[in-house]
Amino acid sequence: MEKEENKKSVWESKILSSKIKSGNVTLIPEALFGYLGGPFFALVPNAIINAYLTQYWKNVLGLADWASAFTWLLPLLSAILIVVGNLIVGRLMEGKPKKAGKARPLLILAFPIIVLALISLFLAPVPARDATGVYTFNILTLILVAIGYNLYYAIAWPMYYTSHSGMVNLSTRNSSQRSLLGTAQMGAQVAAAGVASMIFGFFSDWLGLLPSESNEKFWLKDITGNPIKDAEGNVLVNYELLNSARQTANTNWKIFMIVLIALSVTGILLEFLFTRERVTEEQFALMDKEDGTEVPVRKATMKEQIKICVHDKYWWFIIAFFFLYQLGGMLKNNGQMFYSEAWTGGQSLSSVIGIVGAIPTAVGMVLITPLANKFGKANCIKIGAVLAFVLGFVGLIPLFMPQILEGASADIIGLVTGTSLAGFILKSIGTVPAMYVSVALMSDVLDHQEAVYGVRTDGFTMSLYGSIMIAMSGISQAIILGITNPIKNNPVAYRTATTFIFFGGEMICYLLIAIMFLFMKVERFSNLDHETILAKQKAETAARGEEWIEPAERERIEQEKAKEDSRIAALNELQAKCAKKGLDFEAEKALFEKNEAEKAAADEAKRKQNEEKAALKKQEKEEAARKRLEAMTPEQRAALEEKAKAKAEAKAKRDAAIRAEYEEILAKHQQSL
């Protein structure tokens, strides 16, 4: 008990305790610092590392020259540790609730590991190199890189990101307040990714952080200014000049590492101090109440969850989708820097692509939801995948122009930039559905499992999902380095390979997704799944001798309770404020209630106005339909009625077939388990 009390005193001390004391979520400081500003600073270093770490290995440490196999074997083999790390962090969050929360303590525990990982990643020494470019093998460099990589991706990042991702759900039960925090958190992620893809390319060229053999200023040239090549077509490099640039770049990375550490620590501390897990606090308070325990929800063991997933073809489809989606996305994101370097010798093209390429995804975020509601999520992903594959061929055009591929055109950068932007934008249009509705489709799969098998597999599925999302960065890096390392001094081969990686890798993944999603039919069972789940919940409630409350009514009651709890918390804060400042609480309370009543009246007036508008719109629509019907001839009306009848019969027949198939699935799958 004494140890437990000491733990509590540490987490609830004045220094480490949450600075959010309000029972209500506030825009300032909670949303601004805890969910937008803090995560933004914490996520920027990760976005930069994901995109540029392998470039640092290749262009600064020279690993592609003296430890080529290491650069692709390390990310590949480390994927195993990353999976284990995600599973362990998930288990840590499943532990007993503490007053400080389940996720928040992991935030503060993550940052010293991140600091150690960053130090290991960027303090590795550059091996000695002679004038011909031959390196001396340096085992210390490899050890530090391997330790740093695994500390970061297998321990530090899962510990931060898993807890960070759970903060919105644990913050409050009030849905409108959760929406505010969720929007702020997503804004932080988008902004952090934007800094890495849009700005850092220009920044790295300006500071010379990534000196490359592909940059003409390091090539040996004859008296006419043409590059000197060997018999195999490889450009000869001025290694003395390049070696000096790499040493300078390594010094700059050490300084930049301090900036990354400062950003991470600042961001994590802000997120920790300005967040609060109100839901976990409720669970913590209930643990000591003998008469206030809730009926436990049955959870499947990990073995049971794995067995269910193995039997579910739709689960295999969605997991395979995320594997291909993330692999293609990481080949694109990580290959973007190699592509830019291959064609221009720097990273500025990468930043231009990042800036312009963000436009279709931003517009698509607004348009995809109504399209998915009308045509189905899987259908939108399937059609989008076909578009991504077909339209992506525009980006491959330079490969079919020998004068461009060989760098003989005077305007090579302009032509490549134009085709790159066109191909990237067109391909991005097709990737929008997969980007925004795939997680919702995975929820349909989990609902289907709950209906068919009686339990959900969120634990195992989300652990595997998280592992894929993190590990695929390293796997893609291994693929890119394994292909490009042997040909980095051959401009034509290097440009060809990086173009196929940047455009072709994602195109192939989307082609496979389109084929696979011909058989992804889980959405047609959604209504039946919800009926089955509801029926089981009613039966379980009746078996306990309790009164059944419809979900909509239960949600309304919970929202009303959350609203009342928020009001009580606000009054308590007002009373404390009055006591501190010597104000008249009754007078302040009267003003509070007056403002509350005025706001309620305004909300009610707005609600009535919206209802009136909806009723008027419905009436106008019905009137227009009536007029169209009156204008028809008897033959036209008869044809219309016949068409409607045939449509209704076809729908009834289709629904009956789906129900029969669904009942067969229920019987078959339940029997198999």
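No experiment lies behind these values; they were computed from the predicted model shown. (Residues numbered from 1 in each chain as written. Predicted model: local features only at pLDDT ≥ 70, side-chain atom pairs only at ≥ 80, totals over all residues. Heavy atoms only, no water.)

Enquirer: Account for the overall build of the protein, with residues named and values stated.
Expert: Broken down by element type, the protein carries 21 helices and 0 strands. Buried positions account for 45% of the 673 residues belonging to the protein. Considering only contacts in the protein between residues 6 or more positions apart, those separated by 24 or more positions represent 82%. Of the roughly 34,400 Å² that the protein leaves accessible, carbon and sulfur atoms contribute 64%. (Helix = DSSP H or I, 4+ residues; strand = E, 2+ residues; numbered from the N terminus. Buried < 20%, exposed > 50% of the residue type's maximum accessible area, 1.4 Å probe, protein only. Contact = heavy atoms within 4.5 Å. Areas by Shrake-Rupley, 256 points an atom, 1.4 Å probe, with all protein chains shown as cover.)

Enquirer: Can you break down the side chain of N59 residue by residue, with the values?
Expert: Mapped onto the fold, N59 is located in helix 2 (residues 27-59). Taking relative accessible area as the criterion, N59 reaches 0% and is therefore assigned buried. A polar side-chain atom of N59 sits 2.9 Å from a polar atom in the side chain of K58. Not counting chain neighbours up to four residues away, the residues in contact with N59 comprise L210, P211, S212, E213, R246 and E341. (Polar contact = N/O pair within 3.5 Å; in protein donor to acceptor, adjacent residues only side chain to side chain.)

Enquirer: Go over the pattern of salt bridges, please, and point to the residues and values.
Expert: Evaluation of the coordinates by the stated rule reveals 15 salt bridges. E506 is paired through a salt bridge with K332; the nearest N and O atoms lie 3.5 Å apart. Here the residue E506 occupies a position in helix 17 (residues 491-516), and K332 occupies one in helix 11 (residues 313-344), the gap between them amounting to 174 residues. One exposure class covers both E506 and K332, and it is buried. Across the salt bridge formed by R567 and E596, the nearest N and O atoms sit 2.7 Å from each other. Residue R567 is found in helix 19 (residues 551-581), and its partner E596 is found in helix 20 (residues 585-630); the two are separated by 29 residues along the sequence. Taking relative accessible area as the criterion, R567 reaches 22% and is therefore assigned partly exposed. A single network of salt bridges, built from pairs that share partners, joins K332, K427 and E506. (Salt bridge = Lys/Arg side-chain N within 4 Å of Asp/Glu carboxyl O.)

Enquirer: So what's going on with the packing of helix 13 (residues 377-391) against helix 15 (residues 412-453)? Residues and values would help.
Expert: With their axes 8 Å apart at the nearest point, helix 13 and helix 15 run at an angle of 155 degrees to one another. Regarding the angle of helix 13 to helix 15, the classification is roughly antiparallel. Note that helix 13 runs across helix 15; the crossing there is left-handed. Listed contacts from helix 15 to K377, A378, C380, I381, G384, A385, L387, A388 and L391 of helix 13 are G423, L426, K427, G430, T431, P433, A434, V437, S438, A440, L441 and D444. Grouping the constituent residues of the contact of helix 13 with helix 15 by class yields 13 nonpolar, 5 polar and 3 charged. (Axes fitted to C-alpha atoms, helices over the stretch in contact; angles between N-to-C directions. Parallel < 35°, antiparallel > 145°, perpendicular 65-115°, else oblique. Left-handed = near helix turned anticlockwise from the far one by under 90°. Nonpolar A, V, L, I, M, F, W, Y, C, P; charged D, E, K, R; others polar.)

Enquirer: Residues and numbers for the packing of aromatic side chains, please.
Expert: With the rule as written, the count across this model stands at 25 aromatic pairs. Ring-pair connections join several aromatic residues into one group, and the members of that group are W57, Y149, Y152, Y153, W157, Y160 and Y161. A cation sits over an aromatic face here: R104 above F272, 4.2 Å from the ring centre. (Phe/Tyr/Trp six-rings, centres within 6.5 Å; stacked < 30°, edge-to-face > 60°. Lys NZ or Arg CZ within 6 Å of the ring centre and 35° of its normal.)

Enquirer: Explain helix 18 (residues 526-543) to me, and be specific about the residues and the numbers.
Expert: Taking 1.5 Å per residue, 18 residues should reach 26 Å; helix 18 reaches 26 Å between its end C-alpha atoms and fits that length. Every buried residue of helix 18 is accounted for by S526, L528, D529, T532, I533 and T541. Residue G545 follows helix 18 closely and has a positive phi angle near 75 degrees. (Expected span 1.5 Å × (residues − 1).)

Enquirer: Give me the lowdown on the environment of N334, citing residues and values where you can.
Expert: Tracing the backbone shows N334 in helix 11. The spatial distance from the C-alpha of N334 to the C-alpha of L53 is 9.2 Å, given a sequence separation of 281 residues.

Enquirer: Help me get a handle on the packing of helix 2 against helix 8 (residues 239-273), residues and values and all.
Expert: In the contact formed by helix 2 and helix 8, the axes pass within 8 Å of each other and the chain directions differ by 155 degrees. Here helix 2 lies roughly antiparallel to helix 8, going by the angle between them. Of the two possible hands of crossing, helix 2 and helix 8 adopt the one that is left-handed. For the contact of helix 2 with helix 8, the class distribution of residues is 15 nonpolar, 6 polar and 3 charged.

Honestly, it's all geometry; don't read function into it.
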